[in-house]
Amino acid sequence: MMIDQPIVDLSGRLLISRKSLLTAKMIQALKDMYLPGVYIREGTEEPILELSEPTEEVKEIIARETVSDVSKVELTEKVKKHVSEGIQYLYGNTEADDFVDTSKAISDVLLKAISDNEALAFDINILKVSDEYTFKHSVDVATISMMLAKKARMSTQEVHVMGVCGLLHDIGKSRIPNEILNKPGKLTDKEFELMKRHPVLGHDIIKEKTDLSIDILNGVLQHHEKLNGKGYPVGLVSRQISRFAKIISVADIYDALVTERPYKSAFSQRDAMEMILSMSGELDVSTLRHFMGTVILYPVGSIVLLSNGEQARVVSNNSSFPLRPKVVGLQTGKIYNLADDLSCANIVID
């Protein structure tokens, strides 16, 4: 059998990757973990996706069932260019007199992009501002974190502060050699210990900048802390971690998972979501709930392949179940309400 979901431990480490052929040893390990069940792929061959042309009758069903997605954050090319140049300047000029003003100006731009169309969700695919990972990641984390803060009903000022915090959360990496940041192989223990110092290095960079609030300082310093005390650099537990850091942490992990790096391939958004949700012992549950209601994994109109082999068009999303939208089969016109219809319980999106 081929497993159709990733299996991770309580620390978020991947134990069995999706599409692995299960051995007897793996199956026993899953039983020992007391998992109630796992998804199994029907067949072991990768499907060749040749788009089916729906009949007129199916097109009518799709049109009738389609419910537009909530408004998403949109960044124009002009805004992307402006933000990209700004974040590059910050990472290259941490001692500049206008460092704080530039950080706040970028957050202003992102907040305006969120407010202009009253965005309630984000699509990770349309946030990209640069091909350089550090800059792209900083903007992604800032934007996602601002959306989560908005979802948590934080004030406009707090959402703005969250943006600055997201932009600067990895600023300490500007003090780490590129050969370590972009090393394609496994880091040595010494290199990994240096990498784990980036929250402290970031805190050191910004602590003297009196115009930056304590929330930003704590967010930068604590964004790798975990609720169970197994994070770094200090090993804080839930009540000791700032809410800004708890939000940044979720955005940071998700964006890192779905982005390709020299030392790893990108996880699919579906696998990344499942891995994030499996870390409920380490990440803030309230933030995870807001995250589920904010991310759009399968935009309405996109074509997906179901585990039963049928191609389908996404016609509506359910904010409580982002992995299980309502879809219509292109060949049959069948409506699959993956979130609410128990007859669809064993069907997943490939």
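Quick notes on the rules
Residues numbered from 1 in each chain as written. Predicted model: local features only at pLDDT ≥ 70, side-chain atom pairs only at ≥ 80, totals over all residues. Heavy atoms only, no water. Phe/Tyr/Trp six-rings, centres within 6.5 Å; stacked < 30°, edge-to-face > 60°. Helix = DSSP H or I, 4+ residues; strand = E, 2+ residues; numbered from the N terminus. Buried < 20%, exposed > 50% of the residue type's maximum accessible area, 1.4 Å probe, protein only. Lys NZ or Arg CZ within 6 Å of the ring centre and 35° of its normal. Salt bridge = Lys/Arg side-chain N within 4 Å of Asp/Glu carboxyl O. Core = buried A, V, L, I, M, F, W, Y, C linked by side-chain atoms within 4.5 Å. Contact = heavy atoms within 4.5 Å. Pairing = 2+ DSSP bridges. Axes fitted to C-alpha atoms, helices over the stretch in contact; angles between N-to-C directions. Parallel < 35°, antiparallel > 145°, perpendicular 65-115°, else oblique. Nonpolar A, V, L, I, M, F, W, Y, C, P; charged D, E, K, R; others polar.

Q: How would you explain the packing of aromatic side chains if you had to name every residue and give the values?
A: Per the counting criterion, the structure on display carries 4 aromatic pairs. Judged by centre distance (6.2 Å) and plane angle (45 degrees), the rings of Phe 122 and Phe 291 are tilted. Placement of the pair is Phe 122 in the loop between helix H4 (99–116) and helix H5 (133–151) and Phe 291 in helix H13 (residues 285–292), with a sequence separation of 169 residues. Accessibility classification places Phe 122 together with Phe 291 in one group, the buried group. Seen in terms of ring centroids, Tyr 254 and Phe 291 are 4.9 Å apart; in terms of plane orientation they differ by 65 degrees. Their pairing is edge-to-face. Separated by 37 residues along the polypeptide, Tyr 254 in helix H11 (residues 243–257) and Phe 291 in helix H13 bring together distant segments of the chain. Take Tyr 254 and Phe 291: they sit in the same class, and that class is buried. Pairwise contacts between aromatic rings join Phe 122, Tyr 254 and Phe 291 into one cluster. In this structure, Lys 209 packs its charged tip against the face of Phe 99, placed 4.8 Å from the ring centre.

Q: Talk me through the pattern of salt bridges; I want residue IDs and the actual numbers.
A: Scanning the model with the defined rule gives 16 salt bridges in all. The salt bridge involving Asp 140 is made with Lys 136; its shortest N-O contact spans 2.4 Å. With Asp 140 and Lys 136 both in helix H5, this residue pair falls 4 residues apart, about one helical turn. One salt bridge in this structure joins Lys 173 and Asp 170, with 3.4 Å as the shortest N-O distance. Judged by relative accessible area, Asp 170 falls into the buried class, the value being 3%. Within this structure, Glu 53, Glu 56 and Lys 59 form a network of salt bridges that share partners.

Q: Please give an account of the nonpolar core that cites residues and values.
A: With 75 residues, the main nonpolar core has Leu 110, Phe 122, Ile 144, Leu 168, Ile 206, Tyr 254 and Phe 291 as its most contacted residues. With 9 residues, H5 is the single largest residue contributor to this core. For Tyr 254, the residues in contact, after removing those within four places along its chain, are Phe 122, Ile 124, Ile 144, Gln 269, Ala 272, Met 273, Ile 276, Phe 291, Val 295 and Leu 297. Among the nonpolar cores identified, the runner-up in size contains 6 residues, and Val 58, Ile 61, Val 315 and Leu 330 belong to it.

Q: Which residues make up the sheet that holds strand E7 (residues 326–329), and what are the values?
A: Pairing in this open sheet of 4 strands is antiparallel, and the strands run E5-E6-E7-E8 from one edge to the other. If you trace the sheet from one side to the other, it starts and ends with strand E5 (303–305) and strand E8 (335–337), each paired once. Recorded for the sheet is a direction-independent mean angle of 40 degrees between the axes of neighbouring strands. Sheet strands touched by helix H2 (residues 56–65): strand E6 (311–316), E7 and E8. Its angle to E7, the strand with the most contacts, is close to 170 degrees.

Q: A description of the packing of H5 against H13 should follow, citing residues and the corresponding values.
A: H13 packs onto H5 with a crossing angle of 105 degrees between their chain directions and a minimal axis gap of 9 Å. With respect to their mutual orientation, H5 and H13 come out roughly perpendicular. Between H5, through Ile 144, Leu 148 and Lys 151, and H13, the contact on the second element is made entirely by Thr 287, His 290 and Phe 291. Class assignment of the residues belonging to the contact of H5 with H13 gives a composition of 3 nonpolar, 2 polar and 1 charged.

Honestly, that's just the spatial picture; any functional story needs more than this.
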